[in-house]
Amino acid sequence: MMTNRRTFLKSVALGAAATAGTIPLFSSSSAGPDNSGIACQQYTWMTYFKREGITWLGDPHTSLEAYVRSGLSGYEPSFSAPSEVAQLNVHLKNNDVWCKSMYVNAVLHEEELVEKNISDIIAISKEAYKIGIRILVTNPTPIRWGGPENKSDKQLQIQAKALNRLGGELNKIGIDLAYHNHDAEMREGAREFHHMLTGTDPEHVKLCLDAHWIYRGAGNSQVALFDIVSLYAERIVELHLRQSHNGIWSEVFESGDIDYSRLANILQRKGLKPHVVLEQAIEAGTPHTMNTVEAMSRSLENVKEIFKG
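Residues numbered from 1 in each chain as written. Predicted model: local features only at pLDDT ≥ 70, side-chain atom pairs only at ≥ 80, totals over all residues. Heavy atoms only, no water.

Student: Lay out the overall build of the protein chain with the relevant residues and their values.
Tutor: Helices and strands together make up the secondary structure of the protein chain, namely eleven helices and ten strands. With 309 residues in all, the protein chain has 56% of them scored as buried. Of the roughly 12600 Å² of accessible surface on the protein chain, 50% is carried by carbon and sulfur atoms. (Helix = DSSP H or I, 4+ residues; strand = E, 2+ residues; numbered from the N terminus. Buried < 20%, exposed > 50% of the residue type's maximum accessible area, 1.4 Å probe, protein only. Areas by Shrake-Rupley, 256 points an atom, 1.4 Å probe, with all protein chains shown as cover.)

Student: Kindly report on empty space enclosed by the protein, identifying the contributing residues and their values.
Tutor: By volume, the largest cavity is sized at about 90 Å³. Contributing to the lining of the largest cavity are Pro142, Ile143, Glu149, Asn150, Lys151, Ala184, Glu185, Arg187, Glu188, Arg191 and Glu192. Among the residues forming the lining of the largest cavity, the class breakdown is three nonpolar, one polar and seven charged. (1 Å grid on protein atoms, 1.4 Å probe; cavity = no way out; pocket = protein on both sides within 12 Å on 5 of 7 lines; lining within 4 Å. Points joined across faces, edges and corners; volume = space filled by probe spheres on them. Nonpolar A, V, L, I, M, F, W, Y, C, P; charged D, E, K, R; others polar.)

Student: Outline the nonpolar core, supporting the account with residue identities and numerical values.
Tutor: Residues Trp45, Trp56, Tyr67, Tyr75, Phe193, Leu209 and Leu239 are the most contacted members of the largest nonpolar core, which totals 82 residues. Sorting elements by how many residues they give to this core places helix α6 (residues 153-173) first, with eight residues. Contact partners of Tyr67, with chain neighbours within four places excluded, come to Ala39, Cys40, Trp45, Trp56, Leu72, Ser73, Gly74, Tyr75 and Val97. Within the second largest apolar cluster, six residues are counted, among which are Tyr103, Val137, Ala178 and Val237. (Core = buried A, V, L, I, M, F, W, Y, C linked by side-chain atoms within 4.5 Å. Contact = heavy atoms within 4.5 Å.)

Student: Any details on the packing of helix α5 (residues 111-130) against α6? Residues and values, ideally.
Tutor: Contact geometry for α5 and α6: axes closest at 10 Å, N-to-C directions at 25 degrees. One way to sum up the angle between α5 and α6 is to call them roughly parallel. When you trace α5 past α6, the crossing you get is right-handed. For the pair α5 and α6, contact is made by Glu111, Val114, Glu115, Ile118, Ile121, Ile122, Ser125, Lys126 and Tyr129 and by Ile158, Ala162, Arg165, Leu166, Glu169, Leu170 and Ile173, respectively. Classifying every residue of the contact of α5 with α6 by side-chain character gives ten nonpolar, one polar and five charged. (Axes fitted to C-alpha atoms, helices over the stretch in contact; angles between N-to-C directions. Parallel < 35°, antiparallel > 145°, perpendicular 65-115°, else oblique. Left-handed = near helix turned anticlockwise from the far one by under 90°.)

Student: Which residues make up the pattern of salt bridges, and what are the values?
Tutor: Scanning the model with the defined rule gives 14 salt bridges in all. In this structure, Arg144 and Glu149 form a salt bridge, with 2.9 Å as the shortest nitrogen-oxygen distance. Here Arg144 falls in the partly exposed class, since its relative accessible area comes to 45%. Within this structure, Asp153, Glu188 and Arg191 form a network of salt bridges that share partners. (Salt bridge = Lys/Arg side-chain N within 4 Å of Asp/Glu carboxyl O.)

Student: Talk me through the pairing of strand β4 (residues 135-138); I want residue IDs and the actual numbers.
Tutor: Of the two faces of β4, the one holding Ile135 and Val137 and the one holding Leu136 and Thr138 are both buried throughout. As paired elements, strand β3 (residues 101-103) and β4 share three bridges and run parallel to each other. Residue pairing for β4: Ser101 is matched across the bridge by Ile135. The β-α-β motif built from β3, the intervening α5 and the parallel element β4 has right-handed crossover chirality. (Pairing = 2+ DSSP bridges. Right-handed = clockwise from strand over helix to strand, strands pointing away.)

Student: Any details on the packing of helix α2 (residues 42-51) against helix α11 (residues 292-306)? Residues and values, ideally.
Tutor: Orientation of α2 relative to α11, taken along the N-to-C sense of each, is 145 degrees, at an axis distance of 10 Å. Across the interface between the two elements, Thr44, Trp45, Tyr48 and Phe49 from α2 touch Thr292, Val293, Ala295 and Met296 from α11. Here the contact of α2 with α11 is built from residues that sort into six nonpolar, two polar and no charged.

Student: Describe the sheet that holds strand β2 (residues 74-76), naming the residues involved and giving the relevant values.
Tutor: Spatially, the eight strands line up as an open sheet ordered β2-β1-β10-β7-β6-β5-β4-β3, and their pairing is parallel. Either end of the sheet is taken by a strand with one partner, and the two such strands are β2 and β3. Here the average twist between neighbouring strands, direction ignored, is 30 degrees. Pairing of strand β1 (residues 39-41) with strand β10 (residues 275-278), which is carried by two bridges, proceeds in the parallel orientation.

Student: Requested: an account of the side chain of Glu251, with residues and values cited.
Tutor: For Glu251, the position within the fold is in the loop between β9 (248-249) and α10 (260-269). Residue Glu251 is classed as buried on the basis of its relative accessible area, which comes to 5%. Polar side-chain contacts of Glu251 include one of 2.6 Å to the side chain of Arg51. From its side chain, Glu251 meets the backbone nitrogen of Met290 in a polar contact 3.1 Å long. Ignoring any residue separated from it by four or fewer positions in sequence, one finds Glu251 in contact with Tyr48, Arg51, Gln280, Thr286, Pro287, His288, Thr289, Met290 and Ala295. (Polar contact = N/O pair within 3.5 Å; in protein donor to acceptor, adjacent residues only side chain to side chain.)

See the structure below:
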């Protein structure tokens, strides 16, 4: 069974706090270091390192040395407190790793928690902007991670309003808010997913298109995936890339269930240049034929081939 992202975020924050050149691709420019290349999400390295019995960022230098050895230089971290930004940045700078985006959890469907969550995220974002981050990816927290519960219409309305407000506040800092989903948001006709976009201002709430979660959440449907691309393409500021074979996450990002060449072609025809973030990951049934560095190196080469820019 897949370990949920929230658990991983807590563990990586603790690990990082305990120790205290890029490839042109789809991307817009921003101040600070050149961050126009392909990045990778921390969740990827946590899952791959875990199967090797290694704690990601348990030793930050060794972890990031392996990261760079794979050919990657862009990184998408996850933060839960402002202090974590500077702590991690020391290690990123020492290894010439840049960040353009970050992932932050947010509880936005419970009215009594909205104010604190927005305040906390703004505090993190002000620190993140200083190190070159220009996109904040958030997947509004479900009622229960991995649970079957669905949010009520009222909760969806509260969440959309809060998401819109958060996006407006982040714009003042200079950061785009990119809405992200897992499979739960695709249930019941994808009512949660669609309301987070139709119920918000496109200037305040962009989209991090996680193609595989949309594909899986819609019953392994490329029809649903590309319908969503057709509906919301202009709001896509970031891509999360993951591939599978017969529904099971593959060890390497390569040809598989999702036609990523088709996605790349659509974005190019529309003149869209989202930030590209690799997020291949491990689950039950994923093959284990190579180490993390080799798997990421091969994945990176395949991403570069498909998303040539």
